[in-house]
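Listed below are the residues making up each chain.
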Amino acid sequence: MPELPEVEALAQDLTGRLHERAITRIDLAAFSALKTFDPPLHALNGTMVDGVTRHGKFLDIEASGLHLVLHLARMGWVRWRDEVPKLPAKPNSKSPLAARVVLDDDTGLDITEYGTKKSLAIYVTRDPATITGIARLGPDPLADDFTVELLRDILEREGRKQIKGVLRHQGTVAGIGNAYSDELLHAARMSPFKPANSLTDDELHTLYDAIKGTLGAAVERSRGLAASELKGEKKSHLAVHGRTGEACPVCGDTVREVSFADSSLQYCPTCQTGGKPLADRRMSKLLK
């Protein structure tokens, strides 16, 4: 799933590519992906792109006062095309293409989603704040006003909820998903099951530095990369996420996994749980 660093990098990449370009048309290939009807999708035809920004994991292309907003969900992505096909894209259940944005110089971008579970969302709006997912976003962890005191207030408010779940919840903190919550908790040497309100002052500052440092470093590494390079860059720098059975790059212990119904987490026992494996989320009583 694209998270804050990848969506930020996509916004930066598309800012350069779409500068002073006009949208000729948008071909919708997956009707279920479009979540709005007013303004209609064709209202973007002929508009000039003014900029590309990010709201949490949402990508926002602003054009002549309208906003084409994308949420890429778990399996969505944006692929740049130096030349788009002459014929308009058509619905095809066997194709991952959800929509195609065609520009005035015959370049464009394909919005795709692989897999059978379709969750990608496309919105056309005059105000991104009217999109429920954006309106409910928590503070952005890379914003200047995301302070250690704000983090303290968030964790105290969440009580004894597990720290990983708190960090992943978009209404609590915007942009952090499954992968980077694993990574920043590993950097902070903290159990993913630790209660949110149980951190000492030193642990709070360590977690804060891990959030800013892990996400900030990922954004810097991605700066200047094309969309096609971002997935590989992310994977190559993950310390524990997606690396079950491999050696922890910090201590050499074996990275372990806890599985859930539709996701999993990875962690290092030596770095994060005092050497004790967490065999199962529902059975484990380990909280520190």
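The structure this text deals with has already been given above.
Residues numbered from 1 in each chain as written. Predicted model: local features only at pLDDT ≥ 70, side-chain atom pairs only at ≥ 80, totals over all residues. Heavy atoms only, no water.

Visitor: An account of the sheet that holds strand 1 (residues 23-28) is needed here, citing residue identities and associated values.
Guide: Pairing in this open sheet of four strands is antiparallel, and the strands run 1-6-7-5 from one edge to the other. At either end of the open sheet lies a strand with only one pairing partner, and these are strand 1 and strand 5 (76-81). Each strand axis lies, on average, 15 degrees off the axis of its neighbour in the sheet, ignoring direction. Two strands pair when backbone bridges link them, and strand 1 and strand 6 (residues 97-103) are joined in this way by five bridges, in the antiparallel orientation. Bridge pairing in strand 6 places Ile-23 opposite Leu-103. Its contacts with the sheet place helix 1 (residues 4-18) against strand 5, strand 6 and strand 7 (108-113), and it is angled at close to 25 degrees to strand 5. (Pairing = 2+ DSSP bridges. Helix = DSSP H or I, 4+ residues; strand = E, 2+ residues; numbered from the N terminus. Axes fitted to C-alpha atoms, helices over the stretch in contact; angles between N-to-C directions. Contact = heavy atoms within 4.5 Å.)

Visitor: So what about the packing of helix 3 (residues 148-157) against helix 6 (residues 201-222)? Which residues, and what values?
Guide: Where helix 3 contacts helix 6, the two axes come as close as 10 Å, and the packing angle between them is 110 degrees. Here helix 6 runs roughly perpendicular to helix 3, going by the angle between their axes. Helix 3 and helix 6 meet at a crossing whose hand is right-handed. Residues Val-148, Leu-151, Arg-152 and Leu-155 of helix 3 form the contact with helix 6, whose own contacting residues are Asp-201, Leu-204, His-205, Leu-207, Tyr-208 and Ile-211. Taken together, the residues of the contact of helix 3 with helix 6 sort by class into seven nonpolar, one polar and two charged. (Parallel < 35°, antiparallel > 145°, perpendicular 65-115°, else oblique. Left-handed = near helix turned anticlockwise from the far one by under 90°. Nonpolar A, V, L, I, M, F, W, Y, C, P; charged D, E, K, R; others polar.)

Visitor: Describe helix 5 (residues 178-187), with residues and values.
Guide: Where burial is concerned, most of helix 5 is hidden: nine out of the ten residues are buried. Residues Asn-178, Ala-179, Tyr-180, Ser-181, Asp-182, Glu-183, Leu-184, Leu-185 and His-186 constitute the buried set of helix 5. Check the buried side of helix 5 and you find it contacts helix 1, helix 4 (163-168), helix 6, helix 7 (227-236), strand 10 (264-267) and helix 8 (269-272). Of the residues trailing helix 5, Arg-189 is marked for its positive phi of about 55 degrees. (Buried < 20%, exposed > 50% of the residue type's maximum accessible area, 1.4 Å probe, protein only.)

Visitor: Let's hear about the packing of helix 1 against helix 7: which residues, and what values?
Guide: Interaxial distance between helix 1 and helix 7 falls to 10 Å at its minimum, and their mutual angle equals 155 degrees. Here helix 7 runs roughly antiparallel to helix 1, going by the angle between their axes. The way helix 1 lies across helix 7 gives a crossing that is right-handed. Seen from helix 1, the contacting residues are Glu-6, Ala-9, Leu-10 and Asp-13; seen from helix 7, they are Ala-227, Leu-230 and Lys-234. Within the contact of helix 1 with helix 7, the residues separate by chemical class into four nonpolar, no polar and three charged.

Visitor: So what's going on with the pattern of salt bridges? Residues and values would help.
Guide: The full count for this structure, using the stated rule, is 20 salt bridges. For Arg-21, the salt bridge identified is with Asp-105, shortest N-O distance 3.6 Å. In this pair, Arg-21 sits in the loop between helix 1 and strand 1 while Asp-105 sits in the loop between strand 6 and strand 7, placing the two residues 84 residues apart along the sequence. If you follow the salt bridges from partner to partner, you end up with Arg-79, Arg-81, Arg-100 and Asp-110 in one network. (Salt bridge = Lys/Arg side-chain N within 4 Å of Asp/Glu carboxyl O.)

Visitor: Can you break down the environment of Arg-152 residue by residue, with the values?
Guide: Relative to the helices and strands, Arg-152 resides in helix 3. Measuring from C-alpha to C-alpha, the distance between Arg-152 and Val-101 comes to 42 Å, with 51 residues separating the pair along the chain. Excluding residues that lie within four positions of it along the chain, Arg-152 makes contacts with Asp-201, Leu-204 and His-205.

Visitor: Lay out the sheet that holds strand 2 (residues 49-55) with the relevant residues and their values.
Guide: The strand order 2-3-4-8 describes an open sheet built from four strands, whose pairing is antiparallel. Since the sheet does not close on itself, it has two edges, and those belong to strand 2 and strand 8 (121-125), each with one partner. Across this sheet, the average inter-strand angle for adjacent strands is 15 degrees, counted without regard to direction. Relative to strand 2, helix 1 is tilted by about 175 degrees, and along the sheet it contacts strand 2 and strand 3 (58-63).

Visitor: How would you sum up the side chain of Ser-191? Please name residues and give values.
Guide: When you line up the elements, Ser-191 lands in the loop between helix 5 and helix 6. Since its relative accessible area comes to 1%, Ser-191 is described here as buried. Here the side chain of Ser-191 touches Phe-193 through a polar contact of 3.1 Å, landing on its backbone nitrogen. (Polar contact = N/O pair within 3.5 Å; in protein donor to acceptor, adjacent residues only side chain to side chain.)

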